[in-house]
Amino acid sequence: MNIGFVVTTLGRLEPLRALLTSLEAQLRDGDHVVLVAQGAQDAVAELAREFAARGVAVTATVSERGASLGRNTGVAALPAGEAVVTFPNDNTTYPAGTVEALHAAVDDQAFRAGGFTSWDERGPKTTLPAPGTPLDKYNVWAVIEMGILMRRSLFDAVGGFSEAMGPGSATPWQVAEGTDLLLRAMAYEPSLERSFRWLPAHVHVDGISTGFGLTTAERRRKLRAYGRGTGRAFATHGYPLWWRAAFTGAGLLYGVRNPRPITVLDGWPMFLGRLEGALGRTFGQARMVSTTR
């Protein structure tokens, strides 16, 4: 099965170069990379042409701002035909052997969707369930966007990512677009609960942490925006009230449970964001839009 790598970017050229370099010797015939430029469009197109001349199957297209819009645009720009799509960030890299491991999982006509983990400078971002564990509305949160693998036909059938969620969208709900996608796929195709494929823990992509390179004010603004997105997803997908209340309250402990650069005081914006998401309204601002990922 071919793999389509769809990358939404604001135009960070050096990280993009590192991503394409990491894929250069790993892609199989039929695999394809689409760069969706939401900034520095000419420079991104030139980078795609440079790597295409080196034999990498990569093309560039453009879209307006919004990670979800960019990913949907990128899937539509892939070559025609069935494929498995995945969504690396523009600061992602693939360790040697990772694409081969992805193919080992998806080169099966029965494959519908799966998940693998990502690492940042501190280690694994999430811990995935053991292979064979049924997918449910609680463990689905272990898969973040760059770890999603999904048949293109299933992605199209559920309408792709909701463009009203995710970084850069015109709403306060600045995260959880990947979880929302998987929850809608589960509702559309209930058998996905049993067929979902968790990849082994050693299969991962590398990225950066949420607070990497941000000032304290920027980090807390981003955490509040992210809290809003997760809180909204819990509220709209039928999670029990007690679970939503516990999740919102646990936001206060976010700074205790996460290593630096997160601090104890970062728990407040996370809690406030989750509360706003749970209630479906914001306090003090009409919206909080993040343009970074």
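All residue numbers refer to positions counted from 1 along the written sequence of the respective chain. The predicted nature of this model means local features are confined to residues of pLDDT at least 70 and side-chain atom pairs, given and counted, to a pLDDT of 80 or more, with totals for whole chains, interfaces and linings taken over all residues. The basis for every side-chain value is the complete set of non-hydrogen atoms in the structure, without hydrogens or water.

1. Some remarks on the packing of aromatic side chains
Two rings from Phe, Tyr or Trp (for Trp, the six-membered ring) form a pair when their centres sit within 6.5 Å of each other. Planes less than 30 degrees apart are called stacked, planes more than 60 degrees apart edge-to-face, and all others tilted. All told, the structure shown has 12 aromatic pairs when counted by the stated rule. Between F196 and W198, the ring centres sit 4.8 Å apart and the planes meet at 70°, which makes this aromatic pair edge-to-face. Judged on exposure class, the residue F196 and its partner W198 are both buried. By way of ring pairs, the aromatic residues Y138, W141, F234, Y239, W242, W243 and F247 are connected into one cluster. Directly above the aromatic system of F161 lies the positively charged group of R71, at a separation of 5.1 Å from the ring centroid. Counted as over-ring charges are cases with an Arg CZ or a Lys NZ within 6 Å of the ring centre that also lie within 35 degrees of the ring normal. One cation-aromatic arrangement involves R274 over F247; the distance from NZ or CZ to the ring centre is 3.8 Å. Residue exposure (1.4 Å probe, protein chains only): buried if accessible area is under 20% of the type maximum, exposed if over 50%, otherwise partly exposed.

2. Considerations on the pairing of strand β1 (residues 3-9)
Helix and strand definitions here come from DSSP, where helices need a minimum of 4 consecutive H or I residues and strands a minimum of 2 consecutive E residues; each element is numbered from the N-terminal end. β1 sits mainly inside the fold: seven of its seven residues count as buried. On β1, burial covers both faces: I3, F5, V7 and T9 on one face and G4, V6 and T8 on the other are all buried. A pair of strands counts as paired when DSSP detects no fewer than two bridges linking them. Sheet analysis places β1 next to strand β4 (residues 84-86), joined by three bridges and oriented parallel. In the strand pairing of β4, F5 is matched with T86. The pairing of β1 with strand β2 (residues 32-37) spans six bridges and is parallel. Looking at β2, one finds that G4 is bridged to H32. Crossover handedness is defined here as right-handed if the route from the first strand over the helix to the second strand goes clockwise, with the strands pointing away from the viewer. Assessed by its sense of winding, the connection that carries the chain from β1 through helix α1 (residues 13-24) to β2 is right-handed.

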